[in-house]
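Understanding the architecture of this molecule
Each chain, letter by letter, is given below.
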Amino acid sequence: MSIQATVDSLRFAREGGNLKGTIRVSSLLRLADYLASREGEISYRLEGMVDQDGHPILRLSISGMLVVQCQRCLEAMELPVGLQSGFRLVASERDLGPVEEEPEEWTAWVADPNLDVEALVEDELLLAVPFAPVHADPACDPKLASQDLEAADGGPFAVLALLKDRKSVEP
């Protein structure tokens, strides 16, 4: 079940908040162009805490399955998602330090009094989806095998004709 949750990120962290839920993949509109199917759900858990130095922290865990298009064979492929993200909250952009000085496990982030949790989850998913996802080599069966390319005398239009013929045969 998808919920529209907003939290005051600074307060949530300082009070040790804990929020978990699921989001329907179909509701993640910015992610839609990267998907072969909009079926399924993504689970998330957002935890707030204060570290040993007194910095407010948000920890986000995301899990589920996305269905993307393999860029080698153009078939749908499952992409398991298991993400862990951490955010060290700061009061304003002036408090952001150089990226090189940030600990690897945390990203400095300006606190938001109206943090849209679903948008945060979608942002992290957008960063996690590979630019050109491909099946593992044994699992990938390209539609246009190299022998078809070699047999296609007549240049690129012959290759397109092969693709068109294959497309008309498939359901």
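Along each chain, residues carry numbers from 1 onward, in the same order as the chain's sequence is written. Selection of residues for local features in this predicted model requires a pLDDT of at least 70, selection of side-chain atom pairs for listing and counting requires 80 or more, and totals for whole chains, interfaces and linings are taken over all residues. To obtain the side-chain values, all non-hydrogen atoms of the structure were included, while hydrogens and water were left out.

Examining the overall build of the protein
Basically, it comes down to this: Helix and strand assignments follow DSSP, with helices taken as H or I runs no shorter than four residues and strands as E runs no shorter than two, numbered in order from the N terminus. The buried label goes to any residue with under 20% of its type's maximum accessible area, the exposed label to any with over 50%, and the partly exposed label to all in between, with areas taken from a 1.4 Å probe on protein chains only. Here a residue-residue contact requires only that any non-hydrogen atoms of the pair lie within 4.5 Å.
Scanning the protein for helices and strands turns up four helices and seven strands. Moving toward the C terminus, one meets the helices and strands of the protein in the order β-α-β-β-β-β-β-β-α-α-α. Going through the 171 residues of the protein one by one, you find that 35% of them count as buried. If you take every contact in the protein between residues at least 6 apart in sequence, the share linking residues at least 24 apart comes to 56%.

Here we look at the nonpolar core
For clarity, the threshold we go by: Take the buried residues of types Ala, Val, Leu, Ile, Met, Phe, Trp, Tyr and Cys, join any two whose side-chain atoms come within 4.5 Å, and each joined set is a nonpolar core.
Core analysis: the biggest nonpolar cluster contains 34 residues, and Leu 46, Ile 62, Leu 66, Val 121 and Leu 125 have the highest contact counts within it. Among the secondary structure elements, those contributing two or more residues to this core are helix 1 (9–14), strand 2 (18–24), strand 3 (41–50), strand 4 (56–69), strand 5 (76–90) and helix 2 (117–128). In terms of residues, this core owes the most to one element, strand 5, which gives six residues. In contact with Leu 46, other than residues within four places in its own chain, are Val 7, Phe 12, Gly 17, Asn 18, Leu 19, Leu 58, Arg 59, Leu 60, Val 117 and Leu 120.

A look at the state of the cysteines
Stated precisely, the cut-off is as follows: Cysteine sulfur pairs qualify as disulfides if the two atoms are within 2.5 Å.
This structure, assessed with the given rule, holds zero disulfides. Between Cys 70, a cysteine without a disulfide, and Cys 73, which holds the nearest cysteine sulfur, the sulfur-to-sulfur distance is 3.7 Å.

Describing the packing of aromatic side chains
Two aromatic rings are characterised by how far apart their centres lie and by the angle between their planes. For clarity, the threshold we go by: When the centres of two rings from Phe, Tyr and Trp lie within 6.5 Å, Trp using its six-membered ring, the rings pair. Their planes under 30 degrees apart give stacked, over 60 give edge-to-face, and anything left gives tilted.
Summed over the entire model, instances satisfying the criterion amount to one aromatic pair. Judged by centre distance (4.9 Å) and plane angle (35°), the ring pair of Phe 87 and Trp 109 falls under tilted. Of the two residues, Phe 87 sits in strand 5 while Trp 109 sits in strand 6 (residues 107–110), which places them 22 residues apart along the sequence. Exposure remark for Trp 109: the relative accessible area of 24% places this residue in the partly exposed category.

Quick look at the sheet that holds strand 4
Hydrogen bonding along the main chain pairs the strands of a sheet, whether they run parallel or antiparallel. Stated formally: Strands qualify as paired when DSSP identifies two bridges or more between them. Lines are fitted to the C-alpha atoms to define the axes, a helix being fitted only along its stretch in contact, and any angle between axes, read from their N-to-C directions, falls within 0 to 180 degrees.
The five strands lie next to each other as 2-3-4-5-6, forming an open sheet whose pairing is mixed. Every interior strand has two partners, whereas the edge strands, strand 2 and strand 6, have only one. Averaged over all pairs of adjacent strands, the angle between strand axes in this sheet comes to 30°, irrespective of strand direction. Examined bridge by bridge, strand 2 and strand 3 share seven bridges and lie antiparallel to one another. Bridge pairing in strand 3 places Ile 23 opposite Ile 42.

Examining unusual backbone geometry
Keep in mind that most residues, glycine aside, have a negative phi and that most peptide bonds are trans. We note that Leu 74 has phi near 65°; this positive angle belongs to a residue other than glycine. Following the sequence through the fold, Leu 74 ends up in the loop between strand 4 and strand 5. Owing to a relative accessible area of 52%, Leu 74 belongs among the exposed residues under this scheme.

Some thoughts on helix 2
We apply this condition: Residue count minus one, scaled by 1.5 Å, sets the expected span of a helix. For the purposes of these results, a polar contact is taken to be a pair of N or O atoms within 3.5 Å, where, inside protein, one atom must be able to donate a hydrogen and its partner to accept one; residues adjacent in sequence count only when each atom of the pair is a side-chain atom.
Between its first and last C-alpha atoms helix 2 spans 17 Å; for 12 residues at 1.5 Å apiece the expected length is 16 Å, and the two agree. Listed as buried for helix 2 are Val 117, Glu 118, Leu 120, Val 121, Glu 122, Glu 124 and Leu 125. For helix 2, the capping residue at the N-terminal end is Asp 116, with a side-chain oxygen 3.1 Å from the backbone nitrogen of Glu 118.

What to know about the pattern of salt bridges
The line we're drawing: Whenever Lys or Arg places a side-chain nitrogen within 4 Å of a carboxyl oxygen from Asp or Glu, that contact is recorded as a salt bridge.
Per the stated rule, a full pass over the model turns up four salt bridges. Arg 30 is paired through a salt bridge with Asp 123; the nearest N and O atoms lie 2.8 Å apart. Here Arg 30 is found in the loop between strand 2 and strand 3, whereas its partner Asp 123 is found in helix 2, with 93 residues between them in sequence. We classify Arg 30 as partly exposed; its relative accessible area is 42%. Under the relative-accessibility criterion, Asp 123 is labelled partly exposed at 32%. Linking Glu 47 and Arg 45 is a salt bridge whose minimum nitrogen-to-oxygen distance equals 3.8 Å. Three or more residues joined by partner-sharing salt bridges are found here, namely Arg 30, Glu 122 and Asp 123.

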